[in-house]
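Listed below, chain by chain, are the residues.
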Amino acid sequence: MNLFRKKSIQDLIQEAGKKDVVLKKDLGAFDLSMLGIGAIIGTGIFVLTGVAAAEHAGPALILSFILSGLACVFAALCYAEFASSVPVSGSAYTYSYATFGEIIAWILGWDLILEYGLACSAVASGWSGYLQGLLAGFGIHFPKAITSAYDPANGTIIDVPAILIVLILTFLLTQGVKKSARFNTIMVIIKLAVVVLFIGVGAWYVKPENWTPFMPFGFSGVTAGAATVFFAYIGFDAVATAAEEVKNPQKNMPIGIIASLLVCTVLYIVVSGILTGIVPYQELGVKNPVAFALNYIHQDWIAGFISLGAIVGITTVLLVMLYGQSRLFYAISRDGLLPKVFSKVDKKKQTPVMNSWITCLLVSIFAGFVPLNKLAELTNIGTLFAFMTVAVGILYLRKNKQAPKTGFKVPFVPYIPILAFVFCGYLALQLPKTTWISFGVWLVIGLFVYFGYGRKHSTMNKPLEQVKKVS
């Protein structure tokens, strides 16, 4: 059997509509933009900005966000063309099936399973920490044993709040994509209001002398900071997984992907500039840098709003990541590379209910028992790998003239895809050696799964079997 057998774009689109029960097309451009902002604005602004400034970039954190943002803009343009051309669940996994063949698609799908799974678990763990901090302000404390992942030295066994939020959001996702999108939109509006509040108040307390020296760790610090904050941008990949549930995807998918990324990039740059202007960068190595900055200028009551906004913000990130993970499982299962239970759609709700609860179980186990630092370290490399593959995929489509004539097109090909590949590759090289080794081990495990299960059960085998019967 050919490991590089492909599905044409036309076949992928036709297969998406062949199932007895299909995903409901309920989302428009505004819903997609809100999903993207919901996934992107959260951990990046409320958590990563402080550590990246204190340990890597200093006030030049602005440049780190611009560098990461550029890499993502180039990659987002490539995603937008694929999402417009192949409006099917699965994001980069599905695109690779059409361009590079089954084995490459599987490797990328396995990579994205790692990305979404660890991102979900890491975000749930971070949400738990913020909630406990907020409740502690009211004198409410959970028993020590259930406040964090397993750590006998610290007296913790399981992170119960992290598991509870995963359960609640999974229940919401199983009620239908439109209800989930409405909930997300409300939360995103609250979150954006909180960010604008910080900008409006903080701008009056900026001291330009705090921006000197601007680049205390040199340009290598800027690039290390960019690789660190890249985690903040991975949300627009989740927008691409929604393609099959979008009305008029040729028009709405590019709008949703690009609009959400541009809004978030501007907000990240402005917030990081104000943050390092209020507080000397050496003091920003805290888990809640935005609230910390407002406490620093004695705006304690606003800091309380910011903490609440951070919880709301992280909730939407988790919601969209759980959504993306379940739709990825759905797409891979529909192709036969994972068990069929993952692609079973509920007739009434038109969502993959069983898939969502299995995703919930897996994410809960990691969020509840594995420490946060262990969860976060592999997420960035998985995302960068996916972005680089999509960039190469656009070059392949254009060279072989496979792309449909309608829909969004990446401008300035081949320059934009090449820039996406180079920027993302450069950021990947800034990641630690141990991360690369761990990533390699994960991919080897994935190959065992493919040759042990996926290759035998792939739907691509069926035409071959039918040909044999006829002959």
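Scroll up to find the structure this text is about.
Just so you know, these numbers come straight off a predicted model, no measurement behind them. (Residues numbered from 1 in each chain as written. Predicted model: local features only at pLDDT ≥ 70, side-chain atom pairs only at ≥ 80, totals over all residues. Heavy atoms only, no water.)

Secondary-structure assignment places A162 in helix α7 (residues 160–173). A162 sits 281 residues away from L443 along the chain, and the two C-alpha atoms are 27 Å apart. A162 has contacts with A124, S125, S128 and A367, leaving out every residue within four places of it along the chain. (Helix = DSSP H or I, 4+ residues; strand = E, 2+ residues; numbered from the N terminus. Contact = heavy atoms within 4.5 Å.)

Here we take up α7. Helix length check: α7 (14 residues) gives 20 Å between terminal C-alpha atoms against 20 Å at 1.5 Å per residue, within 8%. Those residues of α7 lying buried are P161, A162, I163, I165, V166, L169, T170, L172 and L173. The backbone nitrogen of A162 lies 3.3 Å from a side-chain oxygen of the residue at the head of α7, namely D159. (Expected span 1.5 Å × (residues − 1). Buried < 20%, exposed > 50% of the residue type's maximum accessible area, 1.4 Å probe, protein only. Polar contact = N/O pair within 3.5 Å; in protein donor to acceptor, adjacent residues only side chain to side chain.)

Take the environment of T316 next. Mapping T316 onto the fold places it in helix α13 (residues 300–334). With 50 residues separating them along the chain, T316 and F366 place their C-alpha atoms 19 Å apart. Each residue touching T316, except ones within four places of it in the same chain, is listed here: G38, I41, N184, M187, V188 and K191.

The next subject is the pattern of salt bridges. Pairs may arise between side chains of opposite charge once their charged atoms sit close together. Tallying each qualifying case throughout the model produces six salt bridges. Note that E102 and R5 form a salt bridge whose closest N and O atoms lie 2.9 Å from each other. With E102 in helix α6 (residues 102–136) and R5 in the segment before α1 (9–16), this residue pair connects regions lying 97 residues apart in the sequence. The same class applies to E102 as to R5, namely buried. Notably, a salt bridge pairs K178 with D31, separated by 3.0 Å at the nearest N-O pair. With K178 in helix α8 (residues 177–202) and D31 in helix α2 (residues 29–40), the pair connects residues that are 147 residues apart, well separated along the chain. (Salt bridge = Lys/Arg side-chain N within 4 Å of Asp/Glu carboxyl O.)

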